[in-house]
Amino acid sequence: MRNLMTRERAEGGGRAPLTPDSGTTNVRNIFNGTRWNAHWNRWIGVENRCVVPFTSFSEFDNTFEDGKKKGDTWFAFDESRPLAFFAGIWVKDWTSVRKVRTGLETTDLFGFLTCEPNDVGGSIHMKAMPVILIKPDEIELWLTAPKEETIKLQRPLPDGVLVAVNAKQDRPPRA
């Protein structure tokens, strides 16, 4: 997945330093209740919003089992993995240094809007979970409404809505 936040070129025609960008996939803290975050505000408009379809998603579990990190834990609404959507931010033709060896490059980037986790997501990733849009009116609101209306979508799903699912079904087949 491409990341949204990248190092900007220095203003005034200066050259950006060739240092890699660690990137950001989580778009959080966009509004604190009284003020819009200056960094994210420029990309929260309708022209940069997208939805990202999924049937399951993973969070990395840093806890140990038998002396090894558990790794990815996969989540879905149930074992049938019905379709849902992440609220996303998309930036076309972003120019930055992603890797020192490739230098300055232009690419399309996206990240997921995140929120506080619900009980299931929070059991693995205590900091955040993706904003998940389930109903058609939520998707429509995210894609078309002013940001002042969409901020209400930055909320966790109700507790008990997600379940951990078998990761083997989520791995692509080997070629």
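Residues numbered from 1 in each chain as written. Predicted model: local features only at pLDDT ≥ 70, side-chain atom pairs only at ≥ 80, totals over all residues. Heavy atoms only, no water.

A. Inspection of the side chain of N118 at higher detail. Along the chain, N118 turns up in the loop between strand 6 (103-115) and helix 2 (119-122). A distance of 3.3 Å separates the side chain of N118 from the backbone nitrogen of V120, its partner in a polar contact. Reaching out from N118, the side chain makes a polar contact with the backbone oxygen of P158 at a distance of 3.3 Å. In this view, N118 contacts M129, P156, L157, P158, D159 and L162; residues no more than four positions away in its chain are not counted. (Helix = DSSP H or I, 4+ residues; strand = E, 2+ residues; numbered from the N terminus. Polar contact = N/O pair within 3.5 Å; in protein donor to acceptor, adjacent residues only side chain to side chain. Contact = heavy atoms within 4.5 Å.)

B. Layout of the confidence of the model for the chain. For the chain, per-residue confidence averages 79 on the pLDDT scale, and residues scoring 70 or more make up 81% of the total. Averaged pLDDT values over the elements of the chain bottom out at 78 in strand 3 (residues 57-65) and peak at 96 in helix 3 (residues 136-144). Every residue in residues 1-20 is under pLDDT 50, and counting partners more than four places away or in other chains gives 58 contacts. (pLDDT = per-residue confidence, 0-100.)

C. Quick peek at the pattern of salt bridges. A complete count under the given rule lists 3 salt bridges for this structure. A salt bridge links E79 to R81; its shortest N-O distance comes to 3.5 Å. On the accessibility criterion, E79 (48% relative accessible area) is partly exposed. Residue classification places R81 among the buried positions, given a relative accessible area of 10%. In this structure, D93 and K92 form a salt bridge, with 3.8 Å as the shortest nitrogen-oxygen distance. Using a relative accessible area of 48% as the deciding quantity, one classes D93 as partly exposed. (Salt bridge = Lys/Arg side-chain N within 4 Å of Asp/Glu carboxyl O. Buried < 20%, exposed > 50% of the residue type's maximum accessible area, 1.4 Å probe, protein only.)

D. Spotlight on the sheet that holds strand 9 (residues 163-165). Spatially, 3-4-9 is the arrangement adopted by the 3 strands of the open sheet, whose pairing is antiparallel. The open sheet is flanked by strand 3 and strand 9, the only strands paired with a single partner. Neighbouring strand axes in the sheet, compared pairwise and without regard to direction, differ in orientation by 50° on average. Summarising the sheet, strand 4 (residues 68-76) and strand 9 pair through 3 bridges and their orientation is antiparallel. What sits directly across from A76, in strand 9, is V163. (Pairing = 2+ DSSP bridges. Axes fitted to C-alpha atoms, helices over the stretch in contact; angles between N-to-C directions.)

E. Here's a closer look at the nonpolar core. One finds I132, L133, W142 and L162 to be the most contacted residues of the largest nonpolar core, which totals 36 residues. Only strand 2 (49-54), strand 5 (84-99), strand 6, strand 8 (132-133) and helix 3 provide two or more residues apiece to this core. Sort the elements by how many residues they give to this core and strand 5 lands first, with 7 residues. Once residues within four sequence positions are removed from consideration, L162 is found in contact with F57, A76, F77, N118, V120, M129, I132 and L157. (Core = buried A, V, L, I, M, F, W, Y, C linked by side-chain atoms within 4.5 Å.)

F. Quick peek at unusual backbone geometry. Although it is not a glycine, N29 adopts a positive phi angle of roughly 55°. Position of N29 relative to the elements: it lies in the loop between strand 1 (26-27) and helix 1 (38-41). Residue N29 is classed as exposed on the basis of its relative accessible area of 58%. A positive phi angle is found at D93, which is not glycine, with a value near 55°. Take D93: it is sitting in strand 5.

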